[in-house]
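# Breakdown of the fold
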Amino acid sequence: MFLLYNIIMKLRKLVLKNYRNYEDFEYDFSKNKTLIIGKNAQGKTNILEAIHYLCTLDSNRIKKDSELIMFNKEFANIKANVEKIDTDLELEVLLNPPKNKILKVNGIKKTKSRDFLRVLSSVNFSSSDLLLLRGEPQNRRKWLDMAIFQVYPLYDEKLSKFNKIRLQKANYLSQGIINNDMLDVFNQQLSIASANVVYLRMKYLMELERVAKMKHSAMAQNEELKIKYQTITDEFLPVKELSELIYQKLIEIKDDEMRRQQCLIGAHRDDIDFYINDIDSKKFASQGQQRTIVLALKLAELQIIKDKIKQTPLLLLDDVLAELDNLRQNYLLNAIEDDIQMVITSVDTLAFEEKFLKNVDIIKISQGKIVE
Ligand SMILES: Nc1ncnc2c1ncn2[C@@H]1O[C@H](COP(=O)(O)OP(=O)(O)O)[C@@H](O)[C@H]1O
Ligand SMILES: [Mg+2]
């Protein structure tokens, strides 16, 4: 089916049980814009994180799902009602380690994450993203992975497979109990798994660059944004060729890996570079220039979901509006079409204009509860 227009998607209801500091949370979203107000550490980000988790089955604040479960509880449950055109969909995740998480759509269990991932879509933009360029490579990889989960249905499985093999190999290496033959078997598997991940990351970033370039130049004339995936090669190659390159390299560094007892190359070591007029932005761009880049990236993520999934994603803005100067704040709000649903957090309403506040629902949060 080819759609010329986007499906309008709305999050109608969110129910949390034992999720972070919410023992019982239930909220019906009635307006297109919802503003969550609360002091620090009351649970504002936790709500956005829960929504984003339904879209990506991951969070940039966790290493393991179990961190999402309320302290001293055994399970956590996230449920949402989503409306698309005239249909209502119910999404549910049950986290109950050490068992695998249970995913349901309309009450029916889904064993493959790909059958769950594209029901609800969102772009999460938090004040900490403004530091994306300054931060560690692992933050950039996590941001990229979460953006890709939502548009390439098989990516989650490919990334999990890569991580599984890599961790097994790392485990053998660290115990110093690996011989040449075993290492070679791992390397053959790992080069294919790594190539699958690298390929999709490169593919997504090329698309992202194309869109982000336009968004970026609208804010910063005379500045050209380029994005480059930093990996074993600069060329965008088919998976088979990528995997051969990685395998060759793994043979070259075999002794090194044994000596240092670590996996030294692969998708888990890659990074993303950003350039403005061919100058490395991670090193040389001003704070303002870096923010403009991040803003362009987020708007591009949104656009790509619209183009690929043909549905309007939610925009989750975590503490970010108050952090942006007027110019960038206005640019962001004007760039978002009215049909995009937004959930915004802030410590107070001071950063918002009267006009904006007229059309929003305000929830006040204190210690994991809605107050008033
Ligand atoms: N697994 C958990 N169980 C219970 N409480 C948690 C858990 N994880 C985080 N919290 C609590 O959540 C609060 C932080 O929530 P957060 O949404 O980040 O706050 P903010 O309102 O500043 O965005 C802290 O009080 C923290 O102790
Ligand atoms: Mg927060």
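In this text the structure is predicted, and so the values were computed from the model without any measurement.

The rules behind the values
- Residues numbered from 1 in each chain as written.
- Chains lettered and ligands numbered in written order.
- Predicted model: local features only at pLDDT ≥ 70, side-chain atom pairs only at ≥ 80, totals over all residues.
- Heavy atoms only, no water.
- Buried < 20%, exposed > 50% of the residue type's maximum accessible area, 1.4 Å probe, protein only.
- Helix = DSSP H or I, 4+ residues; strand = E, 2+ residues; numbered from the N terminus.
- Arc of directions from axis to C-beta.
- Contact = heavy atoms within 4.5 Å.
- Domains from an automatic or database assignment.
- Buried area = accessible area lost by both parts, 1.4 Å probe.
- Axes fitted to C-alpha atoms, helices over the stretch in contact; angles between N-to-C directions.
- Parallel < 35°, antiparallel > 145°, perpendicular 65-115°, else oblique.
- Left-handed = near helix turned anticlockwise from the far one by under 90°.
- Nonpolar A, V, L, I, M, F, W, Y, C, P; charged D, E, K, R; others polar.
- Near = heavy atom within 4 Å.
- Polar contact = N/O pair within 3.5 Å; in protein donor to acceptor, adjacent residues only side chain to side chain.
- Areas by Shrake-Rupley, 256 points an atom, 1.4 Å probe, with all protein chains shown as cover.
- 1 Å grid on protein atoms, 1.4 Å probe; cavity = no way out; pocket = protein on both sides within 12 Å on 5 of 7 lines; lining within 4 Å.
- Points joined across faces, edges and corners; volume = space filled by probe spheres on them.
- Pairing = 2+ DSSP bridges.
- Phe/Tyr/Trp six-rings, centres within 6.5 Å; stacked < 30°, edge-to-face > 60°.

Among the residues of helix 10 (residues 326-335), Arg328, Gln329 and Leu332 are the ones counted as buried. Down the axis, helix 10 shows its buried residues gathered within 105 degrees of arc, on one side only. Summarising the geometry of helix 10, the exposed residues directed more than 90 degrees from the buried face are Asn326, Leu327 and Asn334. In the core, the buried residues of helix 10 are packed alongside strand 8 (122-126), helix 9 (287-309) and strand 12 (314-318).

Let's shift gears to the domain arrangement of the protein. Along its sequence, the protein is organised into domain 1 (1-121 + 311-372) and domain 2 (152-309). The distance between the C-alpha centroids of domain 1 and domain 2 comes to 28 Å. Facing 20 residues of domain 1, the contacting portion of domain 2 comprises 17 residues. Buried area between domain 1 and domain 2, both sides added, is near 1800 Å², and the carbon and sulfur share of it is 62%.

Attention now moves to the environment of Asp325. Within the secondary structure, Asp325 sits in the loop between strand 12 and helix 10. Look at Asp325 and you get partly exposed, because its relative accessible area is 35%. Residues Asp325 and Gly288, spaced 37 residues apart in sequence, show a C-alpha to C-alpha distance of 9.4 Å.

A word on the packing of helix 5 (residues 180-219) against helix 6 (residues 239-252). Helix packing geometry: the angle between the two helix axes and the distance between the axes. Running from N to C, helix 5 and helix 6 cross one another at 135 degrees; their axes reach a closest spacing of 8 Å. Regarding the angle of helix 5 to helix 6, the classification is oblique. In this structure, helix 5 crosses over helix 6, and the sense of that crossing is right-handed. Taking contact as the criterion, the partners of Asp184, Asn187, Gln188, Ser191, Ile192, Ser194, Ala195, Asn196, Val198 and Tyr199 in helix 5 are, on helix 6, Val239, Leu242, Ser243, Ile246, Tyr247 and Leu250. Its residues assigned to classes, the contact of helix 5 with helix 6 comprises nine nonpolar, six polar and one charged.

A word on the packing of helix 5 against helix 9. Two numbers describe how helix 5 lies on helix 9: the axes approach to 8 Å, and their chain directions differ by 125 degrees. As the angle between them shows, helix 5 and helix 9 are arranged oblique. Crossing of helix 5 over helix 9 shows right-handed handedness. Side by side, helix 5 and helix 9 meet where Tyr204, Glu207, Leu208, Val211, Ala212, Lys215, His216 and Met219 of the first sit next to Thr292, Ile293, Leu295, Ala296, Leu297, Leu299, Ala300, Glu301, Gln303, Ile304 and Lys308 of the second. Of the residues contributing to the contact of helix 5 with helix 9, the split by class is twelve nonpolar, three polar and four charged.

Near ligand 1 you find 15 residues, and of these Ala41, Lys44, Thr45, Asn46 and Ile69 are the closest. One of the backbone N or O atoms of Gly43 is found 3.0 Å from an oxygen atom in ligand 1. Asn46 places a polar main-chain atom, nitrogen or oxygen, 2.7 Å from an oxygen atom of ligand 1. Within the complex, the protein chains bury 77% of what would otherwise be the 580 Å² of accessible surface of ligand 1. Residues that form the shell around ligand 1 fall into these classes: four nonpolar, six polar and five charged.

A separate point is empty space enclosed by the protein. Applying the stated criterion across every chain, the model contains four cavities of 30 Å³ or more. The computed volume of the largest cavity comes to approximately 100 Å³. Lining the largest cavity, in full, are His52, Asn60, Asn124, Asp129, Lys142, Trp143, Met146, Ala147, Gln150, Lys298 and Glu301. At the level of secondary structure, the elements contributing two or more residues to the lining of the largest cavity comprise helix 3 (137-149) and helix 9. In terms of residues, the lining of the largest cavity owes the most to one element, helix 3, which gives four residues. Among the residues forming the lining of the largest cavity, the class breakdown is three nonpolar, four polar and four charged.

Attention now moves to the sheet that holds strand 13 (residues 342-346). Strand pairing within a sheet occurs via backbone hydrogen bonds; the two strands may be parallel or antiparallel. One open sheet holds the six strands; their spatial order is 8-12-13-3-14-15, and the pairing between them is mixed. With partners counted over all chains shown, the strands left at the sheet margins are strand 8 and strand 15 (369-371), one partner each. Between one strand axis and the next, the sheet turns by 25 degrees as a mean value, whatever way the strands run. Judged from the five bridges that link them, strand 8 and strand 12 form a sheet pairing that is parallel. Following the sheet pairing, Ser122 is matched in strand 12 by Leu314. Against the sheet, helix 1 (residues 44-56) touches strand 3 (33-37), strand 8, strand 12, strand 13 and strand 14 (360-366), its axis set at about 150 degrees to strand 12. Sheet contacts for helix 9: strand 8 and strand 12; angle to strand 8, the most-contacted strand, approximately 170 degrees.

Take the packing of aromatic side chains next. Per the stated rule, a full pass over the model turns up seven aromatic pairs. Here the aromatic rings of Tyr172 and Phe186 are separated by 5.5 Å at their centres, their planes lie at 50 degrees, and the arrangement is tilted. Highlighted residues: Tyr172 in helix 4 (residues 155-175) and Phe186 in helix 5, separated in sequence by 14 residues. Between the aromatic rings of Tyr199 and Phe236, the centroid separation amounts to 5.0 Å while the plane-to-plane angle is 20 degrees, which identifies the pairing as stacked. Highlighted residues: Tyr199 in helix 5 and Phe236 in the loop between strand 9 (225-230) and helix 6, separated in sequence by 37 residues.

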